[in-house]
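Summary of structural features
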Amino acid sequence: MDNYVITVARGFGSGGKEIASRLAEELGIACYENRILTLASQLSGLDEDLFNEVNEKIRGKKFSGLLRGLPRSLKPNPVDVDFVSDERLFEFQKQIILNLASQESCVIVGKCADWILKEHSNVISIYIEAPRDFCVQKVMSKMNVNEETAHTSITKTDQYRAAYYEHYTGGNYWTNPVNYDLTLNSKRVGIDNCVILIKEYLKIKFPDFLW
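**Details of the pattern of salt bridges**
The full count for this structure, using the stated rule, is 9 salt bridges. Of the charged contacts in the structure, one is a salt bridge between Lys138 and Glu18, with a shortest N-O distance of 3.0 Å. With Lys138 in helix α6 (residues 132-143) and Glu18 in helix α1 (residues 16-27), the pair connects residues that are 120 residues apart, well separated along the chain. Salt-bridge contacts for Glu200 lead to Lys203; the nearest nitrogen and oxygen are separated by 3.6 Å.

**Quick word on the side chain of Glu33**
With respect to the element layout, Glu33 can be found in the loop between β2 (30-32) and α2 (35-44). Glu33 sits in the buried class, given a relative accessible area of 9%. For Glu33, the side chain forms a polar contact with the side chain of Arg10, separated by 3.0 Å. A distance of 2.9 Å separates a polar atom in the side chain of Glu33 from a polar atom in the side chain of Lys17.

**Some details on the pairing of strand β5 (residues 182-185)**
Along β5, the buried face is formed by Leu182 and Leu184; none of Thr183 and Asn185, which line the opposite face, is buried. Across 4 bridges, strand β4 (residues 123-129) lies against β5 in parallel orientation. The residue bridging Ile128 from the neighbouring strand is Leu184, located in β5.

**Points about the confidence of the model for the protein chain**
Summing up the model confidence of the protein chain, the mean pLDDT is 84 and the portion of residues at 70 or higher is 79%. Contacts of residues 58-81 to residues separated by more than four positions or lying in other chains number 49 contacts, the stretch itself having pLDDT below 50.

**Points about unusual backbone geometry**
In this structure, Lys111 is a non-glycine residue whose phi angle is positive, near 65°. Judged by its relative accessible area of 1%, Lys111 is buried.

**So, the nonpolar core**
In terms of nonpolar packing, the biggest core is built from 25 residues, with Ile108 and Leu117 touching the most fellow members. Elements with a contribution of two residues or more to this core: β1 (5-10), β2, α4 (87-103), β3 (106-109), α5 (113-116), β4 and α7 (147-168). Beyond its immediate chain neighbours, meaning those up to four positions away, Ile108 contacts Val5, Ile6, Thr7, Val8, Tyr32, Ile36, Ile97, Leu100, Ala113 and Leu117.

**So, the sheet that holds β3**
Read from one edge of the open sheet, 5 strands run β2-β3-β1-β4-β5, paired in parallel fashion. The outermost strands of the open sheet, each flanked by one partner alone, are β2 and β5. Across the sheet, the axes of successive neighbouring strands diverge by a mean angle of 20°, strand direction being ignored. Alignment of β1 against β4, held across 6 bridges, turns out to be parallel. Pairing of Val8 across the sheet is with Ile126, part of β4.

**Observations concerning the packing of α6 against α7**
Between α6 and α7, the least distance of the axes is 9 Å, while the angle of their chain directions is 110°. As judged from the angle between their axes, α6 and α7 are roughly perpendicular. Where α6 crosses over α7, the two elements pack in a sense that is right-handed. Only Glu147, Ala150, His151, Ser153, Ile154 and Thr155 of α7 make contact with α6, whose side of the interface consists of Arg132, Cys135, Val136, Val139, Met140 and Met143. Residues of the contact of α6 with α7, tallied by class, amount to 7 nonpolar, 3 polar and 2 charged.

What counts as what
- The numbering scheme is per chain: residues are counted from 1 as the chain's sequence reads.
- Two thresholds apply to this predicted model, a pLDDT of at least 70 for residue-level local features and 80 or more for giving and counting side-chain atom pairs, whereas whole-chain, interface and lining totals are computed over all residues.
- The basis for every side-chain value is the complete set of heavy atoms in the structure, and neither hydrogens nor water enter the calculation.
- By definition here, a salt bridge exists when the distance from a side-chain nitrogen of Lys or Arg to a carboxyl oxygen of Asp or Glu is within 4 Å.
- Put simply, DSSP H or I for four residues or longer makes a helix, DSSP E for two residues or longer makes a strand, and each gets a number counted from the N terminus.
- Relative accessibility thresholds used throughout: buried, under 20% of the residue-type maximum; exposed, over 50%; partly exposed, between the two (1.4 Å probe, protein chains only).
- Any N or O atom pair separated by 3.5 Å or less is treated as a polar contact, with the protein-specific requirement of one donor-capable and one acceptor-capable atom, and with residues adjacent in sequence counted only for side-chain atom pairs.
- Between any two strands, pairing holds if DSSP finds at least two bridges.
- The pLDDT value expresses, per residue, how confident the predictor is, ranging between 0 and 100.
- Every residue pair with non-hydrogen atoms within 4.5 Å of one another is taken to be in contact.
- To form a nonpolar core, buried Ala, Val, Leu, Ile, Met, Phe, Trp, Tyr and Cys residues must be joined to one another through side-chain atoms within 4.5 Å.
- Whenever a helix is involved, its axis is fitted only over the stretch in contact; in every case the axis is a line through C-alpha atoms, and angles between N-to-C directions fall within 0 to 180 degrees.
- Any angle that falls under 35 degrees is termed roughly parallel, while one over 145 is termed roughly antiparallel, one within 65 to 115 roughly perpendicular, and all others oblique.
- Should the near helix be turned anticlockwise from the far one by less than a right angle, the crossing is left-handed, and should it be turned clockwise, the crossing is right-handed.
- Each residue receives one of three labels: charged for Asp, Glu, Lys and Arg, nonpolar for Ala, Val, Leu, Ile, Met, Phe, Trp, Tyr, Cys and Pro, and polar for the others, Gly being one of them.

Printed below as a string of structure tokens:
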């Protein structure tokens, strides 16, 4: 095996992005989140703003006119999160993820990467979650917002991520633990220990790799 990939899905405020970034830094590899949008833009020749519009993050209620003329669909959604899908743009992101998995060791955050790479033997998939009180405190501190706003942000963002994942995986559930190698509670385990555990699991999963 020449390279390995770690995908990280995360609840909003769980510290998953921090864990992914620290993990990549300690392993000496790249961490891709929004950089995938830039790479997809370069691959497609389309404006990066197009990819930002259909990113897995929560978006405003007004859908940008930038996507006019591109094939898109509006998925009926039981929650008020303004989920908009664009199959063409997602395919560019998917191609970037597949290219990365074949070419280099890296950490990929979100973007349905665990599902896209589920048949790849050089991939481990991680899901990070935490109790609401932990996530609220994290969001309040990071975004400098009050408790009410933090609760709303967590609810809306997680609902959007769930809708995004369900749509692009053909109905699969984002938080289903069977999708992942490891599911970690960042409050109970601790941010530092999550990084340590994932690194140890890498050695177990890929014992022949030169660590």
